[in-house]
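Residue-level listing of the chains:
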Amino acid sequence: MPCSLARPLQLGTVSTSPITEAAPVSLCARAPHVPADRLVAEMVPPPRFDSVRFETYVPDPNQPSQSEAVTILSSFAAGLGGAHAVGARRRWFAKKPAATTGPRGVYLDGGYGVGKTHLLASLWHATPAEPALKAFGTFVELTNLVGALGFQQTVQTLSGHRLLCIDEFELDDPGDTVLVSSLLRRLVENGVALAATSNTLPGKLGEGRFAAVDFLREIQGLSAHFRPLRIDGEDYRHRGLPEAPAPYSDEQVTKAAYATEGAALDDFPQLLDHLSRVHPSRYGALTDGVRAVCLTDVRPVPDQSTALRLVVLADRLYDREVPVLASGVPFDRLFSDEMLNGGYRKKYFRAISRLTALARDAKGLVAQ
């Protein structure tokens, strides 16, 4: 069922009064078709990590492993300058790269809040290659890319890269882990350097600080290609469920949507239904030009498939720093206790945390 709260808005329409003649855009009215080259071109660090560099990482003087990580990763990036000089389109005519000595990948092994993503993005920025020869994405984005392009085309497309950075390598789905391990094995054979961080396995959320043993075991034959780089440090993130802001009324959310330039306004259950008809690799394009997402009638998600799609949308909104204003239940009640105690709980905790942060960002949209 299409959303009925809003009619499509031509992007670029400017709000001139609290209630404008043009209604907000509806995400449900969008069905983006994203070409393969855009999917790959968008595999870059998200906007919130555009400006991070090794120089902006502030190591804890009480944790020497943090300074050591910067030194090692800087050297690793510099060593990629002369590697893989043949571009992807010419690889069909190139000889297979000579066998390399030593690991061609690094695994950033640390607890929450020690800056692994900052360092991973800094590695991407520091690698002396044009952006078209470097890729950065989460594990979910990589599996979505394979789903959109197919395995062989993904191998062909990424084989011309010098570096592939994978943030939040997920160890909670054996099928996806095997799929990505197979992909990485093919890329390593073609001379692509790898860098990764990972989450924890099911049953280990909040237990211990490091996941290197789990990671190296789960990627099977690829472990020899990775050098684990341990990064000690205190956990600066809240591990429990963050306290979500109190939801607004439907009237407040709708009024704010009409008063905000570039806002989207959707009924939450209908948006969840619409997401089931859009490939997750296109969720970023779904939000193109949207400056705020306004949702009415937020309810607990009904099933795990729907919940996992919502996690992907939350990640894309968080990457793009799009505030989210909502009525209904608070975001910390989106997922059932069964979901929060199951194998995908790390994803659900992350989605709650990110949506809560975006809800806080949206407070300024509501007239006081």
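Residues numbered from 1 in each chain as written. Predicted model: local features only at pLDDT ≥ 70, side-chain atom pairs only at ≥ 80, totals over all residues. Heavy atoms only, no water.

1. Some words on the sheet that holds strand S1 (residues 105–110)
Taken in spatial order, the five strands make up an open sheet running S2-S3-S4-S1-S5, and their pairing is parallel. One side of each edge strand has no neighbouring strand; the edge strands of this open sheet are strand S2 (134–138) and strand S5 (226–231). With direction set aside, neighbouring strand axes in the sheet form an average angle of 15°. Relative to strand S4 (residues 193–198), strand S3 (residues 163–169) runs parallel, the two sharing five bridges. Paired with Cys-165 across the bridge in S4 is Ala-195. (Pairing = 2+ DSSP bridges. Helix = DSSP H or I, 4+ residues; strand = E, 2+ residues; numbered from the N terminus. Axes fitted to C-alpha atoms, helices over the stretch in contact; angles between N-to-C directions.)

2. Structural notes on the packing of aromatic side chains
One pass over the full model with this rule turns up two aromatic pairs. For the ring pair Phe-139 and Phe-169, a centre distance of 4.8 Å and an interplane angle of 55° mean the geometry is tilted. Here Phe-139, found in helix H4 (residues 139–149), pairs with Phe-169, found in strand S3; they are 30 residues apart in sequence, far enough to count as distant. Phe-169 carries the same exposure label as Phe-139, and that label is buried. Ring centres 4.6 Å apart and planes at 25° place the aromatic pair Phe-335 and Tyr-348 in the stacked group. Separated by 13 residues along the polypeptide, Phe-335 in the loop between strand S8 (324–328) and helix H12 (337–340) and Tyr-348 in helix H13 (residues 345–361) bring together distant segments of the chain. Above the face of the Tyr-318 ring, Arg-48 is positioned so that its terminal group lies 3.8 Å from the ring centre. (Phe/Tyr/Trp six-rings, centres within 6.5 Å; stacked < 30°, edge-to-face > 60°. Buried < 20%, exposed > 50% of the residue type's maximum accessible area, 1.4 Å probe, protein only. Lys NZ or Arg CZ within 6 Å of the ring centre and 35° of its normal.)

3. Considering the pattern of salt bridges
Counted under the stated rule, the structure contains 13 salt bridges. Note that Arg-38 is salt-bridged to Asp-288, the shortest N-O span being 2.8 Å. Of the two residues, Arg-38 sits in helix H1 (residues 36–41) while Asp-288 sits in the loop between helix H10 (283–286) and strand S7 (292–298), which places them 250 residues apart along the sequence. Given a relative accessible area of 25%, Arg-38 falls into the partly exposed group. Residue classification places Asp-288 among the partly exposed positions, given a relative accessible area of 28%. Asp-315 is the partner of Arg-354 in a salt bridge, and the nearest nitrogen-oxygen pair spans 2.9 Å. Here Arg-354 is found in helix H13, whereas its partner Asp-315 is found in helix H11 (residues 304–319), with 39 residues between them in sequence. (Salt bridge = Lys/Arg side-chain N within 4 Å of Asp/Glu carboxyl O.)

4. Some thoughts on the sheet that holds S8
The three strands are arranged S6-S7-S8 in an open sheet whose pairing can be described as parallel. With partners counted over all chains shown, the strands left at the sheet margins are strand S6 (263–267) and S8, one partner each. This sheet shows a mean twist of 15° between the axes of neighbouring strands, independent of strand direction. Where S6 meets S7, five bridges bridge the pair, whose relative direction is parallel. When the sheet's bridge partners are listed, Leu-265 is paired in S7 with Cys-294.

5. A few points about the nonpolar core
Within the largest apolar cluster, 42 residues are counted, with the highest numbers of intra-cluster contacts made by Phe-331 and Phe-335. Put simply, the parts of the chain that give this core at least two residues each are helix H9 (268–275), H10, S7, H11, S8, H12 and H13. Not counting the four nearest positions on each side in its chain, Phe-331 is found in contact with Ala-244, Val-298, Val-324, Ala-326, Ile-352, Leu-355, Thr-356 and Ala-359. (Core = buried A, V, L, I, M, F, W, Y, C linked by side-chain atoms within 4.5 Å. Contact = heavy atoms within 4.5 Å.)

6. Describing the pairing of S6
Of all five residues making up S6, five are buried, and the element is well covered by its neighbours. The alternating pattern of S6 places Ala-263, Leu-265 and Asp-267 and Ala-264 and Asp-266 on opposite faces, both of which are buried.

7. Remarks on the packing of H4 against helix H5 (residues 151–158)
The interhelical angle for the contact between H4 and H5, taken along N-to-C directions, is 115°, at an axis separation of 7 Å. Helix-helix and strand crossings are classified by hand; for H4 and H5 the assignment is right-handed. The residues of H5 that touch H4, namely those facing Leu-142, Leu-145, Val-146 and Leu-149, are Phe-151, Gln-153, Thr-154, Thr-157 and Leu-158. Grouping the amino acids of the contact of H4 with H5 by side-chain chemistry returns six nonpolar, three polar and no charged. (Left-handed = near helix turned anticlockwise from the far one by under 90°. Nonpolar A, V, L, I, M, F, W, Y, C, P; charged D, E, K, R; others polar.)

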